[in-house]
Amino acid sequence: MMNTIRSKQTLIIAAVILLAVFLFTRDIKGLVKPKKETTGVPAGGQLTSAGSTINLTEVSTAAKNSINANLAAEITTLENAYKTASEDQKVNAAKVLAEKWDDVEQAVPSALYLEIIAGKERNLNSWLAAGSRLMKAFDNTQDSLISPVLLQKANAAYTNAVALDSTNLEAKTGLGITVVNGMGAPMSGIAMLLDVIKKDPDNLKANMSLGTFAIKSGQFDKAITRFNGIIAKKPSPDAYFYLATAYENLGKNKEAVEAYLNSKKLAANPTLSNFIDKKVAELKTKN
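These numbers were taken from a predicted model, which means no experiment stands behind them.

## Considerations on helix α14 (residues 270-284)
Here is step 1: Taking 1.5 Å of rise per residue, 15 residues should cover 21 Å, and α14 covers 21 Å from first to last C-alpha, within 8% of that figure.
Here is step 2: Buried residues of α14: L272, S273, I276, K279, V280 and L283, and no others. All buried residues of α14 fall inside an arc of 130° around its axis, so they share one side. Away from its buried face by more than 90 degrees, α14 exposes P270, T271 and K278.

## Let's talk about the confidence of the model for the chain
Here is step 1: A residue-level look at the chain finds 81% of positions with pLDDT of 70 or above and a mean pLDDT of 84.
Here is step 2: The model gives residues 1-6 a pLDDT under 50, and that stretch makes zero contacts with residues more than four places away or in other chains.
Here is step 3: Contacts of residues 20-52 to residues separated by more than four positions or lying in other chains number 89 contacts, the stretch itself having pLDDT below 50.

## Remarks on the environment of L124
Here is step 1: Structurally, the position occupied by L124 is in helix α6 (residues 124-140).
Here is step 2: Distance from L124 to N168, taken between C-alpha atoms, is 9.2 Å for residues 44 residues apart in sequence.
Here is step 3: Not counting the four nearest positions on each side in its chain, L124 is found in contact with A161, L164, D165 and N168.

## Here we look at the packing of aromatic side chains
Here is step 1: Enumeration over the complete set of coordinates arrives at four aromatic pairs.
Here is step 2: With a centroid separation of 5.5 Å and an interplanar angle of 85°, the aromatic rings of Y82 and Y113 are classed as edge-to-face. Highlighted residues: Y82 in helix α3 (residues 69-84) and Y113 in helix α5 (residues 107-121), separated in sequence by 31 residues.
Here is step 3: Note on Y113: relative accessible area 4%, which makes it buried.

## As for the packing of helix α10 (residues 204-216) against helix α12 (residues 237-249)
Here is step 1: Here α10 crosses α12 at 25°, and the two axes come no closer than 10 Å. By the angle between their axes, α10 is roughly parallel relative to α12. Both α10 and α12 take part in a crossing whose hand is left-handed. Taking contact as the criterion, the partners of M208, T212 and I215 in α10 are, on α12, D238, A239, Y242, T245 and A246.

## Quick notes on unusual backbone geometry
Here is step 1: Unlike most non-glycine residues, R122 shows phi in positive territory, near 55°.
Here is step 2: Structurally, R122 is set in the loop between α5 and α6.

## Description of the side chain of K64
Here is step 1: Inspection of the secondary structure puts K64 in helix α2 (residues 56-64).
Here is step 2: Side-chain polar atoms of K64 contact the side chain of E79, separated by 2.7 Å.

## Overview of the nonpolar core
Generally speaking, a soluble globular protein has its nonpolar side chains buried in company with each other.
Here is step 1: If you look at the biggest cluster of nonpolar residues, it comprises 50 residues, and the most contacted ones within it are Y82, W101, V108, Y113, L134, M135 and L150.
Here is step 2: When residues in this core are grouped by element, the largest group, nine residues, is from α5.
Here is step 3: Domain assignment of the residues forming this core places at least three in each of domain 1 (55-200) and domain 2 (203-286).
Here is step 4: Filtering out sequence-adjacent residues up to four positions away, W101 remains in contact with S60, A63, K64, I67, I75, E79, Q106, P109, S110 and Y113.

What counts, and at which threshold
Residues numbered from 1 in each chain as written. Predicted model: local features only at pLDDT ≥ 70, side-chain atom pairs only at ≥ 80, totals over all residues. Heavy atoms only, no water. Helix = DSSP H or I, 4+ residues; strand = E, 2+ residues; numbered from the N terminus. Expected span 1.5 Å × (residues − 1). Buried < 20%, exposed > 50% of the residue type's maximum accessible area, 1.4 Å probe, protein only. Arc of directions from axis to C-beta. pLDDT = per-residue confidence, 0-100. Contact = heavy atoms within 4.5 Å. Phe/Tyr/Trp six-rings, centres within 6.5 Å; stacked < 30°, edge-to-face > 60°. Axes fitted to C-alpha atoms, helices over the stretch in contact; angles between N-to-C directions. Parallel < 35°, antiparallel > 145°, perpendicular 65-115°, else oblique. Left-handed = near helix turned anticlockwise from the far one by under 90°. Polar contact = N/O pair within 3.5 Å; in protein donor to acceptor, adjacent residues only side chain to side chain. Core = buried A, V, L, I, M, F, W, Y, C linked by side-chain atoms within 4.5 Å. Domains from an automatic or database assignment.

Laid out in structure tokens, this is it:
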């Protein structure tokens, strides 16, 4: 019995890790991955975690090393303009940088500039924009030092948004997702997301978060219901992949194969396709 439980837990973790790698360069809204829980949110532009400090300059340098040299030089020029801008022009300069970093798919520096903007403007839309980009950065990063701090910052951004408008569903959804990921008791985050769905049954972010939480907590029947509902409204490769994972954990191999193949079809990603081909072949031998 214990071996069976361990096998299922291993399968869940492997599936989540694989999908995280596959989605590394994609903007998937509401994807929730297990992250290390930490406390304390530092000031904008300064990341602190487990004895390590990473500032905006360091994050920017690392990001520029991973992009085209001409683009990196263009961003350096924009950064210099930001540093020398007068105080009343810094927000506009930061907005240009946030957009530019997002254009080159570098979510971390983009998110940090949006956080700076939100800290100066302190309005609902700015906090929502910062929270959304910080969660995108959290979903995409593979850096275990930066990751928990991005989650903390996203939590703070959405907390500020909810304080400005407690009825805003985007703010409540974002806050709930950060709580489910480790910024508090998971069930309080689940309660927030369920409240959002009560008001907006088709809310994709909230439904995706509840579905992935169901998988991680071993509630595969609930996950299947949740992801089938998502797919009925808006099919996506990640929803099908999670659906397949849930089916596989219940031993419903035929249904798992079908869901995996649908994920492969929608994603058209060679890495994922190779994995799914092997997974399908493996599952068919169990039928």
